[in-house]
Amino acid sequence: MLSNQDRFSNLKLDLSGGLTAAIIALPLALAFGVSSGAGAIAGLYGAICVGLFAALFGGTATQISGPTGPMTVVMASVFTLFIAKNPEHGLVLAFSVVVMAGLLQMAMGFLKLGRYITMVPFPVISGFMSGIGVIIIILQIAPLLGHSAKSGVITTISAVPSMFEQVNIYAVGLCLVTLLITLFYPKRVARLFPATLAALIVGVLISLIFLPVNSVSVIGEIPTELPKILIPQIDMSLLWDMLSSAMLLAILGAIDSLLTSLVADTMTKTDHDSDRELIGQGIGNIAAGLIGGLPGAGATMRTVANIKAGAKTNISGIFHSLILLTLLLGAAPLAENIPHAVLAGLLLKVGLDIIDFPTMRRLHKFPPVIIALLLGVLFLTVFVDLVTAVAAGIFFANIITVRRFADNQSQTMSVINHLDETHAQLNASQAQYLVAARGKVQVLHFNGPISYASIKAIKLKFQQIKDYEVMIFDFSQVSSIDISTAIAIGYLLEETEQVGAKGLICGINQSVSKAIHDAGVLEKIKPMHRFENLDKAIHDACLF
């Protein structure tokens, strides 16, 4: 915990970082608000609330939080869903979902789940994020061509032919100019004046000076008063939709924030507090939902700009939000003339930045199953829905992992018999005893941790063993097993007895012993058939 003296020793650079982040955040907040369907003001409310409370209560000193591309895409689908199902109260229900997402994030923090949140397989994250980037780009087709934004990907794609029949060349020009500025803006200049703000200003000036009046659509009136508090509501008939949407927002926001925290750690040589960060993000999203603001998360680009400006403490994040609040109360009318085409140009750049192009360029080098997983998640994200994409991606990724884990574990198992005189697991005395037993004593040797993933391989290995009188189950080099494996071992011991042979067990540590006991297997093994080590087990087995 920083002392007040340490906290304010870097005040000048923290204020500089907060100012830089706010300048970058302003046009993006407006664009995200318009893109979500809730209006530009919702983007500003979200940037102020999430940015302020995440800075106050979060666990990453230099992180700047606010609406992000992925969170906005999810929120746009939430608005569409609940307004369609409940036109009268749909908007309030959607913001209630934001509050629920914040509560879930706080719960994740209090339950110490921060370290596990980012343990999502890379192909799933890459496919999901790239899919969101594609969605953002597709949704900008309508404002790019001078039409009102559509509610979804399928709707937009279906309307493309008709939109090309009436193209607004002024909107196309503005959008492309904005995009080109953000793409080719000099990096040296960007350190002093952000590309997004430069593109915004140039786009607005072109529309005001060179374009005919009312030739392109603009944001329009933005309220300048403080927002009213929304009372959260729950529609029991839509409870599952609300919970699933809140969970998606919470998990996506957590992943987005904690990945940004890792970036901040790398740049500042510090270590963030993941659980505290989740609590701070949760509080910020609760506050945003209560005033009709977009949900947010840690914003990588804004955080990097903040750090490069010299920020070291959370004062920068707090100052960033206060600047946005000041602009909202005093300068909001200036944003009313921003053309939708200019915001579309900014969002096209956001979409391009989110797509994982480095991975896509290396995709042909990946195993086919990983390629299929990544592209499958991308396709589901764009053309089905985000929840299905994440759930299916994690499910199939886990199947791939379990299969690979099972293959690795099966290779560590071995059957030791009288022919294995030089087996690595045997010393000279043990080998001598087994040779003398001439096959009547055999050892099923396990190595490393064993899980349910290897049960099938264990059974196949066991079925290959023939003509034995004593079977020794050797756990001398096993660190742990799960309940499923313990139950499977119990069945193998029963099969051993059914063929008239004896089943012995040796080398079980405390962890393995507990699992076997909890599975009800240990009590079925006679004390005289339990041994501390393999040497003693082989010696006594040969005397049976």
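Thoughts on the overall build of the protein
- Of regular secondary structure, the protein possesses 25 helices and seven strands.
- Taken over the C-alpha trace, the protein has a radius of gyration of 31 Å; the compact-globule value for 544 residues is 24 Å, which it surpasses by more than 25%.
- With respect to the three principal axes, the spread of C-alpha positions in the protein is 100 × 60 × 50 Å.
- Evaluated residue by residue, the protein yields a buried proportion of 53% over its 544 residues.
- Within the protein, counting contacts between residues at least 6 apart in sequence, those at least 24 apart form 81% of the total.
- Charge-centre separation for the protein: the mean point of 33 positive side chains lies 7 Å from the mean point of 33 negative side chains.

Examining helix 22 (residues 455-463)
- Buried residues of helix 22: Ile 455, Ile 458 and Phe 462, and no others. The buried residues of helix 22 occupy an angular sector of 60° when projected down its axis, which confines them to one face.
- Buried residues along helix 22 sit against strand 4 (441-447), strand 5 (470-477) and helix 23 (483-498).

Section: the state of the cysteines
- Counted according to the given criterion, the structure contains zero disulfides.
- The thiol of Cys 542 is not disulfide-bonded; the next cysteine sulfur, from Cys 506, is found 13 Å away.
- By relative accessible area, which is 18% here, Cys 542 ends up buried.

What to know about the packing of helix 3 (residues 40-57) against helix 16 (residues 315-331)
- Contact geometry of helix 3 with helix 16 gives a least axis separation of 8 Å together with a crossing angle of 155°. One element, helix 3, and the other, helix 16, form an angle in the roughly antiparallel class. Both helix 3 and helix 16 take part in a crossing whose hand is left-handed. Of the residues in helix 16, those touching helix 3 at Ile 41, Leu 44, Tyr 45, Ala 47, Ile 48, Gly 51, Leu 52, Ala 55 and Leu 56 are Gly 317, Ile 318, His 320, Ser 321, Leu 324, Leu 325 and Leu 328.
- Looking at side-chain class alone, the contact of helix 3 with helix 16 contains 12 nonpolar, four polar and no charged residues.

Side note on the packing of helix 3 against helix 14 (residues 274-290)
- Running from N to C, helix 3 and helix 14 point in directions that differ by 150°, and their axes come no closer than 7 Å. The angle between the axes of helix 3 and helix 14 places the two elements in the roughly antiparallel class. Where helix 3 crosses over helix 14, the handedness of that crossing is right-handed. Contact with helix 3, carried on its side by Gly 46, Cys 49, Val 50, Phe 53, Ala 54, Leu 56 and Phe 57, involves Arg 276, Gly 280, Gln 281, Ile 283, Gly 284, Asn 285, Ala 287 and Ala 288 of helix 14 and no other residues of that element.
- Here the contact of helix 3 with helix 14 is composed, by residue class, of nine nonpolar, five polar and one charged.

Here's the deal with the layout of surface pockets
- Roughly 1400 Å³ of volume is contained in the largest pocket.
- Along the walls of the largest pocket sit 36 residues, with Thr 300, Met 301, Arg 302, Lys 349 and Asp 353 positioned nearest its centre.
- Top element by residues in the lining of the largest pocket is helix 15 (residues 300-308). It accounts for six residues.
- A breakdown of the residues in the lining of the largest pocket according to their chemical character gives 21 nonpolar, eight polar and seven charged.

What to know about the sheet that holds strand 5
- The five strands are arranged 3-4-5-6-7 in an open sheet whose pairing can be described as mixed. Of all the strands in the sheet, just strand 3 (414-416) and strand 7 (530-531) have a single pairing partner and so form its edges.
- As paired strands, strand 5 and strand 6 (residues 502-506) are joined by five bridges and run parallel to one another. Looking at the pairing, Ile 472 lines up with Leu 504 of strand 6.
- Against the sheet, helix 25 (residues 534-541) contacts strand 4, strand 5, strand 6 and strand 7, and its axis sits at roughly 170° relative to strand 5.

Conventions we followed
- Residues numbered from 1 in each chain as written.
- Predicted model: local features only at pLDDT ≥ 70, side-chain atom pairs only at ≥ 80, totals over all residues.
- Heavy atoms only, no water.
- Helix = DSSP H or I, 4+ residues; strand = E, 2+ residues; numbered from the N terminus.
- Rg over C-alpha atoms; globule rule 2.2 N^0.38 Å.
- Buried < 20%, exposed > 50% of the residue type's maximum accessible area, 1.4 Å probe, protein only.
- Contact = heavy atoms within 4.5 Å.
- Lys, Arg positive; Asp, Glu negative; His and termini not counted.
- Charge placed at Lys NZ, Arg CZ, Asp CG, Glu CD.
- Arc of directions from axis to C-beta.
- Disulfide = S-S within 2.5 Å.
- Axes fitted to C-alpha atoms, helices over the stretch in contact; angles between N-to-C directions.
- Parallel < 35°, antiparallel > 145°, perpendicular 65-115°, else oblique.
- Left-handed = near helix turned anticlockwise from the far one by under 90°.
- Nonpolar A, V, L, I, M, F, W, Y, C, P; charged D, E, K, R; others polar.
- 1 Å grid on protein atoms, 1.4 Å probe; cavity = no way out; pocket = protein on both sides within 12 Å on 5 of 7 lines; lining within 4 Å.
- Points joined across faces, edges and corners; volume = space filled by probe spheres on them.
- Pairing = 2+ DSSP bridges.

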